[in-house]
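Each chain, written out:
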Amino acid sequence: MENSFTEENYLKAIYKLSRRTNGGVSTNALAERMDTKASSVTDMLKRLSSKKLVDYQKYQGVTLTDKGLKVAVDIIRKHRLWEVFLVEHLGFGEHEVHDVAEQMEHVSSPLLVERLDKFLNHPKYDPHGGPIPDADGKFPAPTRVKLDELPVGKQSKVLGVTEHSDSFLAYLKKVGLDLGQQFTLIDRHDFDRSVDLLLNGEPLHVSHEVARHIFVSN
Ligand SMILES: [Zn+2]
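Residues numbered from 1 in each chain as written. Predicted model: local features only at pLDDT ≥ 70, side-chain atom pairs only at ≥ 80, totals over all residues. Heavy atoms only, no water.

Draft legend 1. Region of the structure containing the pattern of salt bridges. Summed over the entire model, instances satisfying the criterion amount to nine salt bridges. The residue Asp126 makes a salt bridge to Arg80 at a minimum N-O spacing of 3.4 Å. Highlighted residues: Asp126 in the loop between helix 6 (110-119) and strand 3 (144-146) and Arg80 in helix 4 (residues 66-89), separated in sequence by 46 residues. Given a relative accessible area of 16%, Arg80 falls into the buried group. For the salt bridge of Glu209 with Arg212, the shortest nitrogen-to-oxygen distance reads 3.0 Å. Owing to a relative accessible area of 46%, Glu209 belongs among the partly exposed residues under this scheme. Taken together, the shared-partner salt bridges in this structure form one network comprising Glu7, Arg47 and Lys51. (Salt bridge = Lys/Arg side-chain N within 4 Å of Asp/Glu carboxyl O. Helix = DSSP H or I, 4+ residues; strand = E, 2+ residues; numbered from the N terminus. Buried < 20%, exposed > 50% of the residue type's maximum accessible area, 1.4 Å probe, protein only.)

Draft legend 2. Local environment of helix 1 (residues 5-21). For helix 1, spanning 17 residues, the distance from its first C-alpha to its last is 24 Å, which sits close to the expected 24 Å at 1.5 Å a residue. Looking at helix 1, one finds that the buried residues are Glu7, Glu8, Tyr10, Leu11, Lys12, Ala13, Ile14, Tyr15, Leu17 and Ser18. For helix 1, the elements touching its buried residues are helix 2 (27-34), helix 3 (38-50), strand 1 (54-57), strand 2 (61-64), helix 4 and helix 5 (97-104). One or two steps after helix 1, the chain reaches Asn22, where phi turns positive at roughly 60°. (Expected span 1.5 Å × (residues − 1). Contact = heavy atoms within 4.5 Å.)

Draft legend 3. Structural view of the pairing of strand 1. The alternating pattern of strand 1 places Val54 and Tyr56 on a buried face, while none of Asp55 and Gln57, on the opposite face, is buried. Here strand 1 hands over to strand 2 after three residues, the two strands then running antiparallel side by side. (Pairing = 2+ DSSP bridges.)

Draft legend 4. A look at the packing of aromatic side chains. Here the structure, examined in full by the defined rule, presents three aromatic pairs. Ring centres of Trp82 and Phe85 lie 5.7 Å apart, and the angle between their planes is 85°; on these two criteria the pair is classed as edge-to-face. In this pair, Trp82 and Phe85 are both assigned in helix 4, three residues apart and thus about one turn of the helix distant. Clustering of aromatic rings is evident, with ring pairs tying together Trp82, Phe85 and Phe119. (Phe/Tyr/Trp six-rings, centres within 6.5 Å; stacked < 30°, edge-to-face > 60°.)

Draft legend 5. Examining the sheet that holds strand 6 (residues 195-199) more closely. Taken together, the six strands give an open sheet; going across it, the order is 3-8-4-5-6-7, and neighbouring strands pair in antiparallel fashion. Taken across any chain shown, the strands that pair with only one partner, and hence form the sheet edges, are strand 3 and strand 7 (202-206). Strand-to-strand, the axes of this sheet are offset by a mean angle of 45°, without reference to chain direction. Of the pairings in the sheet, the one linking strand 4 (residues 155-161) to strand 8 (residues 214-217) comprises three bridges and is antiparallel in character. Residue Gly160 lies in a different strand from strand 8, and its bridge partner there is Phe215. The strands that helix 7 (residues 166-175) touches are strand 4, strand 6, strand 7 and strand 8; relative to strand 4, the one it contacts most, it runs at about 155°. (Axes fitted to C-alpha atoms, helices over the stretch in contact; angles between N-to-C directions.)

Draft legend 6. Local environment of the pairing of strand 7. Here strand 6 runs beside strand 7; their pairing, made up of five bridges, is antiparallel. Along strand 7, the bridge assignment pairs Leu198 with Pro203. Counting the residues in the hairpin turn of strand 6 and strand 7 gives two residues, including Asn200, whose phi is positive at 50°.

Draft legend 7. Structural context of unusual backbone geometry. Phi at His122 is positive, roughly 50°, even though this residue is not glycine. Of note, His122 is situated in the loop between helix 6 and strand 3. Accessibility expressed as a relative area gives 44% for His122, which makes it partly exposed. Although it is not a glycine, Asn200 adopts a positive phi angle of roughly 50°. Along the chain, the position of Asn200 falls in the loop between strand 6 and strand 7.

Draft legend 8. Representation of the domain arrangement of the chain in the model. Taken domain by domain, the chain comprises domain 1 (5-64) and domain 2 (144-217). Computed from C-alpha atoms alone, the centre-to-centre distance between domain 1 and domain 2 is 32 Å. (Domains from an automatic or database assignment.)

Draft legend 9. Spotlight on the side chain of His128. Note on placement: His128 falls in the loop between helix 6 and strand 3. Among the polar contacts made by the side chain of His128, one reaches the side chain of Glu83 at a distance of 3.4 Å. (Polar contact = N/O pair within 3.5 Å; in protein donor to acceptor, adjacent residues only side chain to side chain.)

Below is the structure:
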């Protein structure tokens, strides 16, 4: 049975939220993420539950079944592969690809995805540094941490971001935190968990809010 775009987007949202909470996802969190009413979420969860894609207990929140997890990871795989394709072969800027990939991720031909993956030479990361699961749904081993978790004194480089808004990407560009940029973490302030970096010989102060959205090498 085919899943609709909306169903797939819910599965993806449940996957992403559950990685944050490490467990069941509340209807409210899902409603906020999907920008809709809690009652619409409940209807959708009943539908997904009848297709055995989620386990939904009214007061314990929702979790993905193995079948639902497989669909969600496959959507993420397609999304990230298309982003690589758009940047490497169609000349899109890395800020421009997310919204296009949001549509392409729903094209459901397994053969297309297999050939795309091969054509791109089996990339492990998307242009934002997000790991690409393989055809079996396995993610590459983590060789990266969030900048807000990097130990003080460590030399590192920028590998990606978890926030794709134009204003965030423009900010990174302005302060010189481009993809691949090397730096050393010289201090972390306990008070607000902001950090000081040394970047091309110049100090740069980075807020915790910014640091927690940047992936760096470990
Ligand atoms: Zn994206």
